[in-house]
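Structural overview for review
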Amino acid sequence: MPEETVFPLSLLVDAWWKLDNGYLRDEDDEDGERYPFTEQQGKEITAGMRLKDEFPSLFELILGKEIRVTRDGYLLANDGRTVLEPRRKAEDVYKLSGGSRPGYSVFTSGDAEEFSQRAADIVTSYDISPYRNVPLLSEVAALKDPNEPWDPKVPDGPADLDDYEVWGLFEDHSLARLPYAEIVVTVSDAGYLEHMVAGMRWDTTMTGDVCIDHGVVYAS
């Protein structure tokens, strides 16, 4: 688990984005995500946050900003049709990543330096517990070859969670039995936590790294 303070801040931003866009609600989905309020209540919570105006800019520092453009790359107004005057190309105004939706939008790059500074200002402490529910090397070996007994002369110990085969042990496990670590985060202002409630859970791709290149996304 990343030890830099950008990681817990990116989790707070990710939770805000999912709520603000209606992706967390009071229903258990197949991935186990859950928020103990309705989709509408979640949106009302983000709308009422005292520091709500900070989260869009934090999100853009991680993943960049989507900019509406013409097929030739000229900046458009929010209506997606009106060319802004004076006519300027997005590439002349913004630092862009490699991502684009031709004739619709381009993306700016994330800003790792600025996000790191914001994390240093917001996250005042961040502690991670040791991983728990980690299987033993002998358990992984038994999964790979049930007919080959573990050599008692070989030192046993926690398996490497970066080993893809280790996760085959958990196919039928409940969430409570999966490997996990506890994190404790303190922030400079409680307003950054107003959207967080007991019992919520969600999947995330956040690692604390910012997006420098989105790749290319084609419009359907």
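This text gives an overview of the structure that appears in the document. (Residues numbered from 1 in each chain as written. Predicted model: local features only at pLDDT ≥ 70, side-chain atom pairs only at ≥ 80, totals over all residues. Heavy atoms only, no water.)

What follows concerns the layout of surface pockets. The space that makes up the largest pocket amounts to roughly 1,100 Å³. Around the largest pocket, the lining comprises 29 residues; the ones closest to its centre are Tyr180, Ala181, Met200, Arg201 and Trp202. Those elements that provide at least two residues to the lining of the largest pocket are helix H1 (6-20) and strand S5 (183-187). By residue class, the composition of the lining of the largest pocket is 21 nonpolar, three polar and five charged. (1 Å grid on protein atoms, 1.4 Å probe; cavity = no way out; pocket = protein on both sides within 12 Å on 5 of 7 lines; lining within 4 Å. Points joined across faces, edges and corners; volume = space filled by probe spheres on them. Helix = DSSP H or I, 4+ residues; strand = E, 2+ residues; numbered from the N terminus. Nonpolar A, V, L, I, M, F, W, Y, C, P; charged D, E, K, R; others polar.)

Helix length check: H1, at 15 residues, gives a terminal C-alpha distance of 21 Å against a target of 21 Å (1.5 Å per residue), a fit within 8%. In terms of residue burial, H1 counts as a mostly covered element, since 13 of its 15 residues are buried. (Expected span 1.5 Å × (residues − 1). Buried < 20%, exposed > 50% of the residue type's maximum accessible area, 1.4 Å probe, protein only.)

Our focus in this paragraph is the environment of leucine 51. Counting through the fold element by element, leucine 51 comes out in the loop between helix H2 (39-47) and helix H3 (54-63). Given a relative accessible area of 12%, leucine 51 falls into the buried group. Here the alpha-carbon distance between leucine 51 and leucine 193, two residues 142 residues apart in the chain, equals 9.4 Å. Aside from chain neighbours lying at most four places away, what touches leucine 51 is Asp189, Gly191 and Tyr192. (Contact = heavy atoms within 4.5 Å.)

Under the criterion given, the structure shown has eight salt bridges. A salt bridge links glutamate 33 to lysine 18; the nearest nitrogen and oxygen atoms lie 3.1 Å apart. Remark: lysine 18 occurs in helix H1 and glutamate 33 occurs in the loop between H1 and H2; sequence separation between them is 15 residues. Neither glutamate 33 nor lysine 18 differs from the other in exposure class; each is buried. A salt bridge links glutamate 182 to arginine 132; the shortest N-O distance between them is 3.3 Å. Of the two residues, glutamate 182 is situated in the loop between helix H6 (137-144) and S5 and arginine 132 in the loop between strand S4 (123-128) and H6; the sequence distance between them amounts to 50 residues. We classify arginine 132 as partly exposed; its relative accessible area is 32%. Look at the salt bridges and you will find they share partners, linking Arg25, Glu39 and Lys43 into a network. (Salt bridge = Lys/Arg side-chain N within 4 Å of Asp/Glu carboxyl O.)

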